[in-house]
Amino acid sequence: MKLPAKVKLVDVGPRDGLQNEKQPVPAAVKIELVHRLQDAGLKNIEVTSFVSPKWVPQMADNAEVMAGIQRQPGVCYSVLTPNMQGFEAALGAQPDEIVVFGAASEAFSQRNINCSIAESIERFRPVVEAARAKGIHVRGAMSCTVGCPYEGEIAPARVEMLARLMKDIGVQHVGVADTIGVGTPLKVQRALEATLRHFDINDISGHFHDTYGQALANTLASLELGVWQFDTSVAGLGGCPYAKGATGNVATEDVVYLLHGMDIETGIDLDKLIDAGKFISDFLGRPPGSRAATALLNKRAA
Ligand code: HMG
Ligand code: MG
């Protein structure tokens, strides 16, 4: 088994992590979280999304959050943009990367972005073109690549189709998402292999929610295929308001613990990352949703 020597983690905590929180999280707290993540060594942070505030009220402060961040050189700050309106609003915030987000399931596409898969691609097309013309990197998120909260199991052929459509419109990198965390290693590998028919191994990442406790196993299964980029969420925050019952992304702390334990480099300082997770968890009034963070915090307290 030949595993990658180095892994790139995108912390999606400020976006995926907080978008589903019912209680208001002030922009200042989100900004502080981003600062703590970059201080911990994260070089890729998904900060916010330029979506409709009626659909996702928690992200309504997108411009304020982006404007409040003291950027560090070498850090890539990404934002979600579902359509031209979102992209144009995002431009003022000067993101390094934008994310268009589609789904391998028709029903989820309708619930999440109010259009069919085909319509979503037509909405993304001008966004991708405009972003690339400006030199902004374009990532595509592919939801429900293993299972859908409305349609159940999703066949790899659906994933392959979505990957092909994303490739055709110029998306540079795709994230293979298990939105509701139902995937198990072999199913996740099938979804990744379907994606690999259209994207290079260096242009694919894994995005695993941990609803059923499979996300670390799915991460390892991805590493075995050579995938070396993952979206993770500090303190295991996260969930999508349109995927009821889905819990957070795999905790960044747990993935860092796993990788460092296998001598795979991340560039991340686990102690500082745990502090970042503790900061946001304290604000939200609950313990961090990371087993590694919990264990190491207990050890510190002892
Ligand atoms: P729509 O209602 O079909 O849009 O929503 P519309 O074009 O018909 O416009 C309706 C209204 O929305 C208008 O306002 C527009 O101005 C406004 P009104 O005239 O009624 O006052 N509007 C916008 N406002 C702000 N920013 C925009 C924007 N676009 C239209 N960009 C839309 C379509 C896509 C906007 C909506 O469905 C939406 O915002 N959906 C976002 C849902 C979302 O953010 N979900 C979570 C992120 S995805 C995720 O978490 C999955 C991921 O983590 C991977 C995984 O785990 O699977 C990435
Ligand atoms: Mg997600």
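This write-up is about the structure you can find in this document. (Residues numbered from 1 in each chain as written. Chains lettered and ligands numbered in written order. Predicted model: local features only at pLDDT ≥ 70, side-chain atom pairs only at ≥ 80, totals over all residues. Heavy atoms only, no water.)

Considerations on the pairing of strand 8 (residues 173-178)
Every regular strand shows the same layout, with side chains that alternate between the two sheet faces. Taking burial as the measure, the six residues of strand 8 include six buried ones, the bulk of the element. Where burial is concerned, the two faces of strand 8 agree: the one with His173, Gly175 and Ala177 and the one with Val174, Val176 and Asp178 are both buried. Relative to strand 8, strand 5 (residues 137-143) runs parallel, the two being bridged by four bridges. Bridged to Gly140 within strand 8 is Val174. Relative to strand 9 (residues 204-208), strand 8 runs parallel, the two being bridged by five bridges. In the strand pairing of strand 9, Val174 is matched with Ile204. Where the polypeptide runs from strand 8 across helix 8 (residues 185-196) and back to strand 9, its parallel neighbour, the crossover connection is right-handed. (Buried < 20%, exposed > 50% of the residue type's maximum accessible area, 1.4 Å probe, protein only. Helix = DSSP H or I, 4+ residues; strand = E, 2+ residues; numbered from the N terminus. Pairing = 2+ DSSP bridges. Right-handed = clockwise from strand over helix to strand, strands pointing away.)

Concerning the pairing of strand 5
Taking burial as the measure, the seven residues of strand 5 include five buried ones, the bulk of the element. With seven bridges joining them, strand 4 (residues 97-103) and strand 5 adopt parallel strand pairing. When the bridges of strand 5 are listed, Val100 appears paired with Gly140.

Considering the coordination of the magnesium ion (ligand 2)
Those donors, Asp16 (OD), His207 (NE2) and His209 (NE2), are the protein atoms that reach the magnesium ion (ligand 2), and they lie 2.0 to 2.3 Å from it. Along the chain, the residues that donate to the magnesium ion (ligand 2) are spaced as D-x190-H-x1-H. You can see Asp16 sitting in helix 1 (residues 13-19) and its partner His209 sitting in the loop between strand 9 and helix 9 (215-224), a full 193 residues away along the chain. Judged by relative accessible area, which is 2%, Asp16 ranks as buried. The class for His209 is buried, based on a relative accessible area of 2%. (Donors = N, O, S within 2.8 Å, 3.2 Å for Na, K, Ca; no water.)

Describing the site of ligand 1
With respect to spatial proximity, 27 residues lie near ligand 1, and among them Asp16, Gln19, Asn114, Ser143 and Thr179 are the closest. The contact in question runs from an oxygen atom of ligand 1 to an N or O atom on the side chain of Gln85, over 2.9 Å. For ligand 1, a nitrogen atom lies 3.2 Å from a polar atom in the backbone of Gly86. A total of 1100 Å² of accessible area belongs to ligand 1 in isolation, and the protein chains cover 75% of it. Partitioning the shell around ligand 1 into residue classes produces twelve nonpolar, eleven polar and four charged. (Near = heavy atom within 4 Å. Polar contact = N/O pair within 3.5 Å; in protein donor to acceptor, adjacent residues only side chain to side chain. Areas by Shrake-Rupley, 256 points an atom, 1.4 Å probe, with all protein chains shown as cover. Nonpolar A, V, L, I, M, F, W, Y, C, P; charged D, E, K, R; others polar.)

Describing the packing of aromatic side chains
In the structure shown here, the tally under the stated rule is three aromatic pairs. The ring of Phe199 has Lys167 lying over it, and the distance from NZ or CZ to the ring centre is 4.7 Å. (Phe/Tyr/Trp six-rings, centres within 6.5 Å; stacked < 30°, edge-to-face > 60°. Lys NZ or Arg CZ within 6 Å of the ring centre and 35° of its normal.)

Concerning helix 8
For helix 8, built from twelve residues, the straight-helix expectation of 16 Å at 1.5 Å per residue is met to within 8% by its first-to-last C-alpha distance of 16 Å. Within the span of helix 8, buried status applies to Val188, Gln189, Ala191, Leu192, Ala194 and Thr195. Along its buried surface, helix 8 packs onto strand 5, helix 7 (156-168), strand 8, strand 9 and helix 9. (Expected span 1.5 Å × (residues − 1). Contact = heavy atoms within 4.5 Å.)

Here's the deal with the packing of helix 5 (residues 106-113) against helix 6 (residues 117-133)
Where helix 5 meets helix 6, the closest approach of the two axes is 9 Å, and the angle between their N-to-C directions is 50°. On the basis of the axis angle, helix 5 is oblique to helix 6. In this structure, helix 5 contributes Glu106, Ser109 and Ile113 to the contact, and helix 6 contributes Ile117, Ser120, Arg123 and Phe124. Across the contact of helix 5 with helix 6, the residue classes tally to three nonpolar, two polar and two charged. (Axes fitted to C-alpha atoms, helices over the stretch in contact; angles between N-to-C directions. Parallel < 35°, antiparallel > 145°, perpendicular 65-115°, else oblique.)

Comments concerning the pattern of salt bridges
On inspection of all chains with the given rule, the structure shows 16 salt bridges. Between Asp96 and Arg71 there is a salt bridge whose closest N-O contact spans 3.9 Å. With Asp96 in the loop between helix 4 (84-91) and strand 4 and Arg71 in the loop between helix 3 (62-68) and strand 3 (76-80), this residue pair connects regions lying 25 residues apart in the sequence. Looking at Asp96, the relative accessible area reads 33%, which means it is partly exposed. (Salt bridge = Lys/Arg side-chain N within 4 Å of Asp/Glu carboxyl O.)

Things to note about the side chain of Asn62
Looking at where Asn62 falls in the secondary structure, it is placed in helix 3. Looking at Asn62, the relative accessible area reads 11%, which means it is buried. Contacts of Asn62, omitting those with residues within four sequence positions, involve Thr48, Ser49, Phe50 and Val51.

Thoughts on the environment of Val51
Note on placement: Val51 falls in the loop between strand 2 (44-49) and helix 3. Look at Val51 and you get buried, because its relative accessible area is 18%. As a C-alpha pair, Val51 and Asn249 span 198 residues in sequence and 20 Å in three-dimensional space. Not counting residues up to four positions away in its chain, the partners in contact with Val51 are Val56, Met59, Asn62, Pro82 and Phe101.

These figures capture arrangement, not role.
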